[in-house]
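Each chain is listed here by its residues.
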Amino acid sequence: MKISKTHRARAAAAMSLTAVLALTVTGCGDDGSGFAAGAGAEGDGTGKIVFWDNNGGVRTDTWKEIIAGFEKENPGIEVQYVGVAATEIQTKYDNAIQGGGLPDVGGVGAAMLAGLAAQGALEPLEDRSADSSLDGALDPGMVEAMKAAGGSEKHTYNVPISANNGVLYYRTDLFKKAGLAAPATWDDFYQAAEKLSDPKKNRFGYTIRGGAGSIAQAMDAMYGQSGITSFWDAKGEKTTLNAPGNVAALEKYAALYKKVTPSADLNNDFIKMVAQYDSGTIGMVNHNLGSYQDHVTALGTARFRGIPQPIGAGGKRVQVSNPVDGLGLFKSSEHKAAAWKFIEYAASHEANSKFNEQAGLIPANTEAAKDPWVSRAEPTALAAGALTDGSTVTVQLPYYLPEWNGISKADNEPELQKVLLGRTSAKAFLDNMAGELNDAQAEWKEQRPTD
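Let us look at the structure shown here. (Residues numbered from 1 in each chain as written. Predicted model: local features only at pLDDT ≥ 70, side-chain atom pairs only at ≥ 80, totals over all residues. Heavy atoms only, no water.)

Quick look at the overall build of the protein now. Secondary structure assignment for the protein yields 19 helices and 14 strands. Taken against the 2.2 N^0.38 rule, which gives 22 Å for 451 residues, the C-alpha radius of gyration of the protein at 22 Å falls within 12% of a compact globule. Each principal axis of the C-alpha atoms in the protein carries an extent, and together these give about 65 × 60 × 35 Å. The proportion of buried residues among the 451 residues of the protein is 51%. Taking the contacts inside the protein whose residues are at least 6 apart along the sequence as the reference set, 75% of them involve residues at least 24 apart. With the model as given, the accessible surface of the protein reaches about 19,200 Å², and the carbon-plus-sulfur share is 52%. With 42 positive and 53 negative side-chain charges, the protein shows a separation of 9 Å between the mean positions of the two kinds. (Helix = DSSP H or I, 4+ residues; strand = E, 2+ residues; numbered from the N terminus. Rg over C-alpha atoms; globule rule 2.2 N^0.38 Å. Buried < 20%, exposed > 50% of the residue type's maximum accessible area, 1.4 Å probe, protein only. Contact = heavy atoms within 4.5 Å. Areas by Shrake-Rupley, 256 points an atom, 1.4 Å probe, with all protein chains shown as cover. Lys, Arg positive; Asp, Glu negative; His and termini not counted. Charge placed at Lys NZ, Arg CZ, Asp CG, Glu CD.)

The structure is reproduced here in structure tokens:
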């Protein structure tokens, strides 16, 4: 009998959860087996806490500045910074849950929140938030997004720090030379990609993401072109991922590979894709606000722009949701009071503004979102406006599914590469992924946590 990837993922998650529950009854601290057990302790609000940055390297310098400011205000608390690459953070958390060594505080994005919450690793934060300076200070939409991503009707497992959004970056100098207007619509996008390409001269109109993170970018292109505005059908049982409009959109998008894109794109994650765009003569790249500063460093502000995703044939911009990022407090922490002070500080006006200005993201703190730098960073200002001015419909992805990360990343990214190579049809790929998602949704509905 063939066992699907989804069922294997579920089995692994169930084993992890069983291990956590079994260890919890053995008491606080290490139970002697090397596993982290128990519910930790509040502590006296001082001591050493460990912080895992879930985008280490990219945001290291910024976090170290914030940590220095926090330690100056809280001399009784020392923060040990540990940078973990975004591509490795999920595995590192999962290993620590089973083998011990979780941090006190960690960066936890919406996409991985449900899986960690389901394993009992995170401390509920709604009461702490309500009794703190953060009450009413954070963007309600981001707070609700985090609560929904955690999969619980009652608990909130994360404090939002920033929101990202998809951006189409284009080379204004190359567009001007070719007599092209800004790629405001999907038709504009395809026409520009074609006109700016001359593979014999190593010039390409677009760079496509074929490596890690490729599926989210492909879904943006699919829903943006099809105009479908919900990830699930009216009953919330079947995904629209493999709807005919999305299949046709993926066929058109995948056909760009090697025709108007470099062949190296097949294995490019965002780091390689962004570097390739910044160093060559590529006309456009889809990424998010996080790479804005990289483009400024490489190209200056006069040679490129970052604009919201293109408008579809129906005159409406449709995009898939970008995960909200934030900080979680781990149950196993022996210094929860000190760890919470750090989270509260990181989400405060000054620190949150500093982080998001340097990262080029949308602040979660509502006062930080009003700071002058937001309007000066054009892609951030345009992205924030697109999310609030009614011009954009956002298709909410099911981050609450514990299997979401596995299905949308490791399980199916190699399958999308086969689509780019022409070895698998767009329909077969989407039908298979849709089947896994429908199974995961059905199981989640049966076992949905209500406490």
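From this point on, the discussion continues.
A few words now on the pattern of salt bridges. All told, the structure shown has 11 salt bridges when counted by the stated rule. The partner of Lys336 in a salt bridge is Glu123, with the nearest N and O atoms 3.0 Å apart. Of the two residues, Lys336 sits in helix α13 (residues 336-346) while Glu123 sits in the loop between α4 (110-118) and α5 (126-130), which places them 213 residues apart along the sequence. Each member of the pair, Lys336 together with Glu123, is buried. Its salt-bridge partner being Asp173, residue Arg171 comes within 2.8 Å of it at the nearest N-O pair. Arg171 sits in the buried class, given a relative accessible area of 3%. Accessibility expressed as a relative area gives 28% for Asp173, which makes it partly exposed. Linked through salt bridges whose partners overlap, the residues forming this network are Glu42, Glu123, Arg128 and Lys336. (Salt bridge = Lys/Arg side-chain N within 4 Å of Asp/Glu carboxyl O.)

It is worth spelling out the pairing of strand β4 (residues 77-83) at this point. Relative to β4, strand β3 (residues 47-53) runs parallel, the two sharing 7 bridges. Following the sheet pairing, Ile49 is matched in β4 by Val79. Crossover handedness for the path β3 to helix α2 (residues 60-73) to β4: right-handed. (Pairing = 2+ DSSP bridges. Right-handed = clockwise from strand over helix to strand, strands pointing away.)

Turning next to the sheet that holds strand β5 (residues 105-107). Reading across from one edge, β4-β3-β5-β12-β6-β13 is the order of the 6 strands in this open sheet, with mixed pairing throughout. Of all strands in the sheet, those bounded by a partner on one side alone are β4 and β13 (362-363). Of the strand pairs in this sheet, β5 and strand β12 (residues 324-329) are connected by 3 bridges, and their pairing is antiparallel. If you follow Gly106 over to β12, its bridge partner there is Gly328.

Moving on: the side chain of Ser129. Mapped onto the elements, Ser129 comes out in helix α5. Each residue touching Ser129, except ones within four places of it in the same chain, is listed here: Leu134, Asp135, Val159 and Trp340.

Remark: α2 packs on α13, axes separated minimally by 10 Å, with the N-to-C direction vectors making an angle of 120 degrees. Judged by the angle between their axes, α2 and α13 are oblique. In terms of crossing hand, the pair formed by α2 and α13 is right-handed. In this structure, α2 uses Trp63, Ile66, Ile67, Gly69, Phe70 and Glu73 to contact α13, whose residues at the interface are Ala338, Lys341, Phe342, Tyr345 and Ala346. Of the residues that constitute the contact of α2 with α13, the class distribution is 8 nonpolar, 1 polar and 2 charged. (Axes fitted to C-alpha atoms, helices over the stretch in contact; angles between N-to-C directions. Parallel < 35°, antiparallel > 145°, perpendicular 65-115°, else oblique. Left-handed = near helix turned anticlockwise from the far one by under 90°. Nonpolar A, V, L, I, M, F, W, Y, C, P; charged D, E, K, R; others polar.)

To continue, consider the nonpolar core. Judged by nonpolar contacts, the single largest core of 119 residues is most densely connected at Met219 and Phe231. Leave out the neighbours within four places in its chain, and Met219 touches Gly224, Phe231, Leu241, Val320, Leu397 and Trp404. (Core = buried A, V, L, I, M, F, W, Y, C linked by side-chain atoms within 4.5 Å.)

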